[in-house]
Each structure stands twice: as structure tokens, then as C-alpha cells.
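Report on the structure
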Amino acid sequence: MADTKSFTEVKKKILSAHENVALENKLQFYNTWAENYEQDVAVLEYRAPLLAAECVASFFKGDKERALVLDVACGTGLVSAHLRRMGFCQFVGVDGSDGMLDLARKTGLYQELKQCILGQDTLPVQNGDNIVGHVPVRVIQKCFAPCDRRYVCMTTRGNADNQDYKTEMERMVRMMEEEKRWSCVTVNEVEEWERAVSEHESGYISGTVYLYQRTS
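Here's a quick rundown of the structure. Owing to the predicted nature of the structure, the values given are computational and were not obtained by experimental measurement. (Residues numbered from 1 in each chain as written. Predicted model: local features only at pLDDT ≥ 70, side-chain atom pairs only at ≥ 80, totals over all residues. Heavy atoms only, no water.)

1. Looking at the overall build of the protein chain
- Along the backbone of the protein chain there are eight helices and seven strands.
- Within the span of the protein chain, comprising 216 residues, buried residues form 48% of the whole. (Helix = DSSP H or I, 4+ residues; strand = E, 2+ residues; numbered from the N terminus. Buried < 20%, exposed > 50% of the residue type's maximum accessible area, 1.4 Å probe, protein only.)

Here's what the structure looks like:
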């Protein structure tokens, strides 16, 4: 019963974030959520950080200890923590939430952390070997195209509420692939991405990990 109650509470919290879409409200939500974020996503059985890290580590062929990872929308540092255990050592994190960045700073993982509103601010880091993150579609080209990164790893949910974003993101990455700006390394469809929180869904929702490699 305790676990059910915890999930109900987390579900209510997540749904409350969907009620206010204004940027200021979103940032306030994440600033407030930061302290309990990792405990809450554990209740949700949120697998994206581990799956993204495993994908990058599986295909990266360079020197992991010297490779620079740009962790976009880094949150409290879950992706970088997994990558550190897989041999990567150098991380730069960017996020829009000061509260999340404060928690990420306490991990000691990052050589640099910067506050950045994706789609509004210029990405403050222009170099690196790998980039991982979940970003607005309108900034994919700005974030990923002009840099010398070897690999770009993106994740997204596959549930009904996220279909518009997923469809538009896949359209954008296909266009960049057709322009020979990068090539697809792998697309990993995952059935049990996290526990469903939407009122019209139950069980687990699906998700996708995308790994691309720069070709030009």
C-alpha cells in the first residue's frame, strides 16, 4: 500500500505540471521538484537515463576518459552518473532550472554547469564528443548541427500525450539525415519506459532512444 500511495502522489505531482505550460511556471515547477526528483522518478521506474547512457557507451569507440559529454537538460545528473560508471569522466551540463543545477553541482560529476533555456538562450557549449538529452524540436539543429560531436543521443516518450512531439522530432532528424548532416546509428524502441501517469493510460508507457553520428 505504501508504494501505491507514493505512486499516486507522484502521479498527481506530474499531472499538476501539465496544467501550466508557461515557461515561468515550468521552471518554478522544476525548481520546486528538484529536491525530490530522483526519488520520484525512481517510483515511476523511469529508465531513460540508464538507457541513454548504455546506448552511448555501447557505440562510442574513442577514449572514454578523455571524451567530453555535453549533458543537455541534465536535471540532477542521472545520465552523467550512469556514464561515469561506464568509464566517461568529463561532463558539461546545461539545464533551465537553477534548482536542478544546484543538485547536479553537488554530485561532483561536472567540470562545468550552466543555466540555459533551450530554444531561448544560445547553447553555451560548442564542442564535445557526445551529447545526450531531451530537447525541444525547434532547437535540435541549433544544438547539434554546428558542433564537432561524434554522437548525439536523444530520448523521448512514446505515449499518446507525446505523439505530436515524437512525430515532429522524427521528421526533423530524418531531414538532417537526408541532408547528410548525420547518420542514424541505432533507434531503440523500449516497451517499458516508465509507469504511466496520464489519466487515460495504465501500466507502462513506451519510449525511444535515438543515436546519431555526425557525418559532416
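2. Some thoughts on the sheet that holds strand S5 (residues 151–157)
- Strand order across the open sheet formed by seven strands is S3-S2-S1-S4-S5-S7-S6, with mixed pairing between neighbours. Strands with a single pairing partner mark the edges of an open sheet, and in this sheet they are strand S3 (112–115) and strand S6 (182–195). When strand polarity is set aside, the average angle formed by the axes of neighbouring strands in this sheet is 15°. (Pairing = 2+ DSSP bridges. Axes fitted to C-alpha atoms, helices over the stretch in contact; angles between N-to-C directions.)

3. Digging into the pairing of strand S2 (residues 90–95)
- Most of S2 is tucked away: five of the six residues are buried.
- In this structure, strand S1 (residues 68–72) lies alongside S2, joined through five bridges in parallel fashion. Bridge pairing in S2 links aspartate 71 to glycine 93.
- Crossover handedness for the path S1 to helix H5 (residues 78–85) to S2: right-handed.
- Where S2 and S3 come together, four bridges link them in parallel fashion. Within S3, the position partnered with valine 92 by the bridge is glutamate 112.
- As for the winding sense of the linkage, the β-α-β connection from S2 through helix H6 (residues 98–107) to S3 is right-handed. (Right-handed = clockwise from strand over helix to strand, strands pointing away.)

4. A look at the pattern of salt bridges
- Summed over the entire model, instances satisfying the criterion amount to eight salt bridges.
- Across the salt bridge formed by glutamate 199 and lysine 11, the nearest N and O atoms sit 3.9 Å from each other. Of the two residues, glutamate 199 is situated in the loop between S6 and strand S7 (204–214) and lysine 11 in helix H1 (residues 2–17); the sequence distance between them amounts to 188 residues.
- Between arginine 181 and glutamate 179 there is a salt bridge whose closest N-O contact spans 3.0 Å.
- For glutamate 179, a relative accessible area of 41% gives the class partly exposed. (Salt bridge = Lys/Arg side-chain N within 4 Å of Asp/Glu carboxyl O.)

5. Some details on helix H8 (residues 163–178)
- For H8, spanning 16 residues, the distance from its first C-alpha to its last is 22 Å, which sits close to the expected 22 Å at 1.5 Å a residue.
- Buried within H8 are the following residues: Tyr165, Lys166, Met169, Glu170, Met172, Val173 and Met176. Viewed end-on, H8 has its buried residues packed into an arc of 160°, placing them on one side of the element. Residues of H8 that are exposed and point over 90 degrees away from its buried face: Asp164 and Glu178.
- One or two steps after H8, the chain reaches lysine 180, where phi turns positive at roughly 60°. (Expected span 1.5 Å × (residues − 1). Arc of directions from axis to C-beta.)

6. A short note on the environment of valine 190
- Along the chain, valine 190 falls in strand S6.
- Between the alpha carbons of valine 190 and arginine 47 there is a distance of 9.4 Å; along the sequence they are 143 residues apart.
- Dropping the residues within four chain positions of it, valine 190 is found in contact with Arg47, Leu51, Ser206 and Gly207. (Contact = heavy atoms within 4.5 Å.)

7. Comments concerning the state of the cysteines
- Applying the stated criterion across every chain yields a total of zero disulfides.
- Distance from the sulfur of cysteine 184, which forms no disulfide, to the nearest cysteine sulfur (cysteine 55) is 9.3 Å.
- Classification of cysteine 184 by relative accessible area gives partly exposed; the value is 32%. (Disulfide = S-S within 2.5 Å.)

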